[in-house]
Amino acid sequence: MSDKRILLIVGGGIAAYKVLELTRLLRKGGFGVRAILTRAGERFVTPMSLTALTGEPVRTDLFDLGAEAEMGHIELSRWADLVVVAPATADLLGKAAGGLADDLASTALLATDKTVLAAPAMNVRMWSHPSVVRNVRQLEADGWRFVGPDEGEMACGEFGAGRLSEPEAIYDAILDALGQGRPAPPPARLSGPGPLKGRHVLVTAGPTFEPIDPVRGLTNRSSGKQGYAIAGALAELGARVTLVSGPTALETPWGVERIDVETALEMEAACRNALPADAAVMVAAVADWRPEIAADLKVKKTGGGATVRLVENPDILAGLSRKGSTRPRLVVGFAAETHDVARYAAEKLMAKGCDWIVANDVGLGGEGGPQVFGAETNHVTLVTRKGAEAWEPGSKRDIARKLAQRIGEALK
Ligand code: CTP
């Protein structure tokens, strides 16, 4: 039995009736529940049924003096251990992403200091609309968690992602958000009518970690941000994306299947298993070498120096680019160069046999001085077999979107 408290914000949507079952599950599980109904929510469930199920007065109005005297809306937003928004409508998500507070629900969302878990529900076209996608990403970046939506037939007769998750799945996600249960199912893929719909794209990202012994290893300072942004942008355009990732501190982008690896050898095997793919984008900073022997036990100091013998790792990009039945139609590599960016990138393209190289200028030229790993912006040149094209410097997300668009065009 849980002794936790849930503030349940019920938006307006045909699926709101499922919230009654969720409330019943929560009460049965020992949770204290207080509910806020939005004006649109009131059209679908009545304050009476929610009051009966929660055993608490339901709040609907920001300016209800009686209710405010009992528990003010700021206090209410802090009373909870977790805030749950279900159904989270496009309107509620948009307000929250924009920081608006023009009713009780949006004000509570702005005032709370607790985690917010949202269970979206809306029409499939709304769910894949760029503004909703943008709002969800923003809220994820703000620390919101999401469960669903599920795919299936919708009340409006269309088919796709947008159905409110089942009460049991939302209940599991609540337990998970409170650190009390099994992990929630991954969010449904954004299955918009994007140019990459039906395509499978493999992306690698992050550093690799090459163990020396059980507690030490060789790694590098790649943050994984650019690769994750690319995986997310490809999914936004409708692709099925497999992201093979070295150790990072990043959240999996919406709609992306992530496979975690540590070493270059594991990354190579995971990439091979993910094939066939229509395109591969190798963004990972793969360690060029690994210790020849990873000791089973921690290596002890002996008072002198130590020598670690390194052997070369396989080149995953070159391996994938090799002609053969499993070669993706488009193979894209990344390169970090400090000078002569286009020339070195063109040489790398030929040496590795890939189709494009996205060369990142990490030199001293830019206004901000040297670009460092983990930075938010990149200055890249796209080198293809036809020539080089310098892109305007931009955020990693801008570059990811542009690259995803170009991949969409190339796979047409
Ligand atoms: N790559 C790979 N497997 C490796 C090494 C690199 O797949 N073992 C990929 C990276 O993901 C990236 C590209 O190859 O797409 C980078 O090539 P690399 O030659 O490692 O680039 P730099 O480290 O920039 O090369 P150098 O300093 O040797 O010019």
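Residues numbered from 1 in each chain as written. Predicted model: local features only at pLDDT ≥ 70, side-chain atom pairs only at ≥ 80, totals over all residues. Heavy atoms only, no water.

Asker: Hey, could you run me through the state of the cysteines in this one?
Answerer: Note on terminology: a disulfide is the covalent bond linking the sulfur atoms of two cysteines. This model, assessed by the stated rule, comprises zero disulfides. Here C271 stays free of any disulfide, with the sulfur of C354 as its closest cysteine sulfur at 14 Å. (Disulfide = S-S within 2.5 Å.)

Asker: What should I look at first to understand the domain arrangement of the chain in this one?
Answerer: It is common to give the size of an interface as the accessible area lost on bringing the parts into contact. If you check the domain split of the chain, you get domain 1 (5-177) and domain 2 (200-410). For domain 1 versus domain 2, the distance between C-alpha centres works out to 38 Å. Listed by partner, the interface residues are eight residues for domain 1 and six residues for domain 2. A buried area of about 600 Å², summed over both sides, lies between domain 1 and domain 2, and 56% of it is on carbon and sulfur atoms. On the surface where domain 1 and domain 2 come into contact, there are two residue pairs in polar contact (both at pLDDT 80 or more). Ranked by the residues each element gives to the side of domain 1 that touches domain 2, the list is headed by helix α8 (residues 130-141), at four residues. (Domains from an automatic or database assignment. Contact = heavy atoms within 4.5 Å. Buried area = accessible area lost by both parts, 1.4 Å probe. Polar contact = N/O pair within 3.5 Å; in protein donor to acceptor, adjacent residues only side chain to side chain. Helix = DSSP H or I, 4+ residues; strand = E, 2+ residues; numbered from the N terminus.)

Asker: Quick question: what am I supposed to make of the packing of helix α1 (residues 18-28) against helix α9 (residues 167-177) here?
Answerer: Helix-helix packing is described using two parameters, namely the angle between the two axes and the distance between the axes. Look at α1 against α9: their axes get within 9 Å of each other, and the N-to-C directions meet at 50 degrees. The angle between α1 and α9 falls in the class oblique. α1 and α9 meet at a crossing whose hand is right-handed. Here K18, E21, L22, L25 and L26 of α1 lie close against α9, whose contacting residues are P167, E168, I170, Y171 and I174. For the contact of α1 with α9, the residue count by class is seven nonpolar, no polar and three charged. (Axes fitted to C-alpha atoms, helices over the stretch in contact; angles between N-to-C directions. Parallel < 35°, antiparallel > 145°, perpendicular 65-115°, else oblique. Left-handed = near helix turned anticlockwise from the far one by under 90°. Nonpolar A, V, L, I, M, F, W, Y, C, P; charged D, E, K, R; others polar.)

Asker: Can you help me understand the pairing of strand β8 (residues 200-205) in this one?
Answerer: Sheet faces and side chains relate simply in a regular strand, where the side chains alternate between the two faces. Among the six residues of β8, six are classified as buried, and the element is accordingly described as predominantly covered. What you see with β8 is no split at all: H200, L202 and T204 on one side and V201, V203 and A205 on the other are buried throughout. Here β8 pairs with strand β11 (residues 240-245) via six bridges, running parallel. Its bridge partner lying in β11, H200 is registered against R240. (Buried < 20%, exposed > 50% of the residue type's maximum accessible area, 1.4 Å probe, protein only. Pairing = 2+ DSSP bridges.)

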